[in-house]
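Here is how the chains run, residue by residue.
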Amino acid sequence: MSNKYIVAIDQGTTSCRALVIAHSGDIIATAQKEFTQIFPKPGWVEHDPEGIVRVQLQMVRDAMTQADIASHQVEAIGITNQRETTVVWNKSTGKPIYNAIVWQDKRTADLCEQIKSEGWADEFNQRTGLVVDSYFSATKVMWILEHIPGARELADRGQLAMGTIDTWLIWKMTGGNQHITDYSNASRTMLYNIYKLEWDEWILDRLQIPRSILPTVKPSSFDFGHYELDNVKIPIRGVAGDQQAALFGQQCLEPGMAKNTYGTGCFMLMQTGEKASASHNGLLTTIAWGLDGKVYYALEGSVFIAGAAIQWLRDGLQFFQSASESESSALRATPDHGVYVVPAFAGMGAPYWDMYARGAIFGITRDTTSAEITQATLDSLAYQTKDILEAMQSDSGVSLDRLNVDGGATSNNYLMQFQADILGVPVVRPKVTETTAMGAAYLAGLETGFWSKEQIAKIRAIDREFVPIMLEQQRIDSYKGWQKAVKRTLGWMKD
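Now for a look at the structure at hand. (Residues numbered from 1 in each chain as written. Predicted model: local features only at pLDDT ≥ 70, side-chain atom pairs only at ≥ 80, totals over all residues. Heavy atoms only, no water.)

Examining the sheet that holds strand 18 (residues 294-303)
We count it as follows: Here a strand pair is declared whenever DSSP counts at least two bridges between the two strands. Starting at the N terminus, helices and strands are each numbered in turn, a helix being any DSSP run of H or I of at least four residues and a strand any DSSP run of E of at least two. Here, axes are lines fitted to C-alpha atoms. For helices the fit covers the stretch in contact, and angles between N-to-C directions go from 0 to 180 degrees.
Sheet architecture is open: seven strands sit in the order 17-18-16-15-21-22-23, paired in mixed fashion. A single partner strand is all that each edge strand has here, and the edge strands are strand 17 (284-291) and strand 23 (462-466). Adjacent strand axes in the sheet meet at a mean angle of 25° when their direction is disregarded. Direction of pairing for strand 22 (residues 427-430) relative to strand 23: antiparallel, over a ladder of four bridges.

Put into structure tokens, the structure is as follows:
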């Protein structure tokens with residue numbers, strides 16, 4: 001295996017990346033390029049599907065050139081992708097009939113409200129594990145079929161294909177030979193029955209989406225066809241949506257294992273095993289991955305404002321010039337200052353779900369400085385994470401024994417220690433923070449025998465484990481203070 005490599009495609013919302021990964025798990029080369037974001041109207045977000053393919057495949061070539069490897073040295077390709085973003089194309093020409101509608105796009109909010117008003121929301125949730133929202137693919141497909149001239153007729157004649165970005169990439173990479181996706185991406189469409197593991201005919205009928213436009217759904221580690229590069233057929237063997245790929249990359253292979261990605265917001269997933277756990281706390285039930293003939297599920301929750309709160313301190317309040325300075329600022333704070341920051345800039349997500357909440361700072365005195373406010377803002381990320389994980393444990397009946405973390409804010413040692421303290425469990429930061437790409441690579445490598453599960457476990461090296469040191473009563477009192485602060489922000493914009 002010394003001269004063989006896995007290429008991981010990491011197709012994100014704003015950039016295309018490709019990584020060349022050795023059998024040792026070392027990342028030999030990385031190529032990345034941003035692509036154009038299209039905003040036709042307020043609240044609308046689109047991508048050029050052909051542009052994504054063009055940039056992504058160039059990044060594959062660039063990474064291989066940088067690593068100085070040839071096509072025959074690539075054991076397999078793994079793909080991870082921005083989820084929910086939707087493309088519809090003509091099967092005969094291979095050309096999109098409209099731009100990709102991005103997961104952030106809000107144009108179908110009224111369609112979602114219509115579905116809710118007709119009393120279907122609970123049924124959708126019971127079949128898909130999702131809440132009815134414009135975030136997911138279903139209403140994006142509806143919009144394209146209803147608004148693009150001739151689309152409905154072509155769809156009814158079986159001449160159109162639909163897919164999330166993984167499906168679109170595979171179609172193009174295989175020369176139109178594969179119209180296929182994996183369980184994790186299918187589960188984000190709001191069209192897939194995650195319990196029966198099939199496209200849901202009841203939903204398709206309600207939304208008037210023909211079954212013929214949908215891809216075949218397969219395990220995340222599978223034969224997805226071949227990409228021919230320089231006359232060499234390279235196997236595509238791993239596919240997973242980005243957050244599920246990160247969960248796999250963090251090696252959360254046992255029920256109760258969870259990861260938190262600290263970005264602009266936070267994405268938290270807990271693997272719940274082969275049995276789906278329905279949420280009673282506003283979380284999403286989703287498929288984590290399909291592997292070894294089994295399907296594994298996860299609970300997912302999102303924190304709206306995480307890294308964005310640190311950007312607010314930097315850019316809005318101008319407390320410091322670089323986000324990395326937040327750590328040293330927090331460490332200057334007076335102990336037991338009693339300040340709480342609730343960064344409800346866009347309302348509060350799970351488990352509160354209050355769009356009328358707004359941000360607030362509580363407990364300030366004449367002695368309060370930027371250091372205390374900075375520390376309290378960092379603490380808010382940890383408190384919100386605890387909110388979500390408390391909900392996950394309640395829904396799943398499984399206790400968390402450690403939290404695996406990735407994302408930019410994990411470099412902040414103060415935040416990671418406080419996160420461990422407020423959860424009362426270790427927080428584990430890996431040496432290689434490219435967990436999303438590594439998850440796709442692992443899935444591909446397992447399918448070809450490039451790696452075994454035991455080898456993957458050894459590859460994932462730990463940078464640091466943060467162990468709780470806070471006294472139990474202090475943990476309880478601190479969290480009570482947070483809950484009290486949140487309660488006073490809820491409903492702020494209501495009369």
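Moving on from the model shown.
Some details on helix 2 (residues 109-117)
The following threshold applies: Exposed residues in this analysis have more than 50% of their type's maximum accessible area, buried residues have under 20%, and partly exposed residues fall in between, with area computed by a 1.4 Å probe over protein chains only. Arc definition: directions from the helix axis to the C-beta atoms. Contacts between residues were defined by any pair of non-hydrogen atoms, one from each residue, lying within 4.5 Å.
When we look at burial in helix 2, the residues that qualify are Leu111, Cys112 and Ile115. One face of helix 2 carries all of its buried residues, which in axial projection span an arc of 100°. Across helix 2 from its buried face, at more than 90 degrees, point the exposed residues Asp110 and Ser117. Buried residues in helix 2 make contact with helix 3 (121-128), helix 4 (138-147) and helix 8 (201-207). Immediately downstream of helix 2, the backbone of Gly119 shows phi near 80°, a positive value.

Quick look at the sheet that holds strand 14 (residues 232-241)
On the basis of which strands lie adjacent, the open sheet formed by six strands has the order 3-2-1-5-14-13 and mixed pairing. The open sheet has two free edges, formed respectively by strand 3 (27-34) and strand 13 (226-229), since each of these has just one partner strand. If you compare each strand with its neighbour and ignore which way they point, the axes differ by 25° on average. Note that strand 2 (residues 15-22) and strand 3 share seven bridges and pair antiparallel. Looking at strand 3, one finds that Cys16 is bridged to Lys33.

Remarks on the side chain of Thr410
Mapped onto the elements, Thr410 comes out in the loop between strand 21 (403-406) and helix 13 (413-423). Thr410 gets classed as buried once you look at its relative accessible area, which sits at 3%. Excluding residues that lie within four positions of it along the chain, Thr410 makes contacts with Tyr262, Val405, Met416 and Arg429.

Here's the deal with the pairing of strand 1 (residues 5-11)
Burial analysis of strand 1 places seven of its seven residues in the buried class, the great majority of the element. Side chains of strand 1 alternate between two faces, with Tyr5, Val7, Ile9 and Gln11 and Ile6, Ala8 and Asp10 buried alike. Here seven bridges tie strand 1 to strand 5 (residues 74-81), and the two strands are oriented parallel to one another. Note that in strand 5 the partner of Val7 across the bridge is Ile77. Strand direction decides the pairing type here: strand 1 and strand 2, joined by seven bridges, are antiparallel.

A closer look at the packing of helix 13 against helix 16 (residues 472-489)
Between two packed helices, both the angle of their axes relative to each other and the distance between the axes serve to describe the pair. What counts, and what does not: Should an angle fall under 35 degrees it is taken as roughly parallel, and over 145 as roughly antiparallel, whereas 65 to 115 is taken as roughly perpendicular and any remaining angle as oblique. Classification convention: Asp, Glu, Lys, Arg as charged; Ala, Val, Leu, Ile, Met, Phe, Trp, Tyr, Cys, Pro as nonpolar; all other residues, Gly among them, as polar.
The geometry of helix 13 relative to helix 16 is characterised by a closest axis approach of 8 Å and an angle of 100° between their N-to-C directions. Considering the angle they form, helix 13 stands roughly perpendicular to helix 16. Residues Asp421, Ile422 and Leu423 of helix 13 form the contact with helix 16, whose participating residues are Arg475, Ser478 and Tyr479. Grouping the constituent residues of the contact of helix 13 with helix 16 by class yields three nonpolar, one polar and two charged.

Let's talk about the packing of helix 2 against helix 4
Rule in force here: Should the near helix be turned counterclockwise from the far one by less than a right angle, the crossing is left-handed, whereas a clockwise turn marks it as right-handed.
Running from amino to carboxyl end, helix 2 crosses helix 4 at an angle of 110°, the nearest separation of the two axes being 9 Å. Considered as vectors, helix 2 and helix 4 are oriented roughly perpendicular to each other. In this structure, the crossing between helix 2 and helix 4 has a hand that is right-handed. For the pair helix 2 and helix 4, contact is made by Leu111, Cys112 and Ile115 and by Thr139, Met142 and Trp143, respectively. Residues that form the contact of helix 2 with helix 4 fall into these classes: five nonpolar, one polar and no charged.

Some points on the pattern of salt bridges
Applicable threshold: Salt bridge, as used here, is a side-chain nitrogen of Lys or Arg placed within 4 Å of a carboxyl oxygen of Asp or Glu.
Scanning the entire structure with this criterion turns up 24 salt bridges. Ionic pairing is found between Glu434 and Arg17, a salt bridge with its closest N-O pair at 2.6 Å. Here Glu434, found in the loop between strand 22 and helix 14 (435-448), pairs with Arg17, found in strand 2; they are 417 residues apart in sequence, far enough to count as distant. The residue Arg188 makes a salt bridge to Glu84 at a minimum N-O spacing of 2.8 Å. Of this pair, Arg188 sits in the loop between helix 7 (183-186) and strand 10 (192-193) while Glu84 sits in the loop between strand 5 and strand 6 (86-90), placing them 104 residues apart in sequence.

Side note on the packing of aromatic side chains
This is how it is decided: Planes of paired rings set the category: under 30 degrees apart is stacked, over 60 is edge-to-face and the rest tilted, where pairs are Phe, Tyr or Trp rings (Trp by its six-membered ring) whose centres lie within 6.5 Å. Lysine and arginine charges are scored as sitting over a ring when NZ or CZ, respectively, is within 6 Å of the ring centre and within 35 degrees of the ring normal.
Using the criterion set out here, one finds 20 aromatic pairs in the structure. Between Phe124 and Trp202 the ring centres are 5.8 Å apart and the planes differ by 70°, which places this aromatic pair in the edge-to-face class. Of this pair, Phe124 sits in helix 3 while Trp202 sits in helix 8, and the two are 78 residues apart along the sequence. Overall, Phe124 belongs to the buried group, its relative accessible area being 0%. Aromatic side chains Phe450 and Trp451 sit 4.8 Å apart centroid to centroid with 70° between the ring planes, which places their arrangement in the edge-to-face category. An identical accessibility class is assigned to Phe450 and Trp451; each is buried. Among the aromatic residues, those joined into a ring-pair cluster are Tyr340, Tyr383, Tyr414, Phe418, Tyr479 and Trp482. Cation over ring: Arg107 sits above Trp143, and NZ or CZ is 4.6 Å from the ring centre. The ring of Trp120 carries Arg206 above its face, with NZ or CZ at 5.7 Å from the centroid.

These figures come from the coordinates and say nothing about function on their own.
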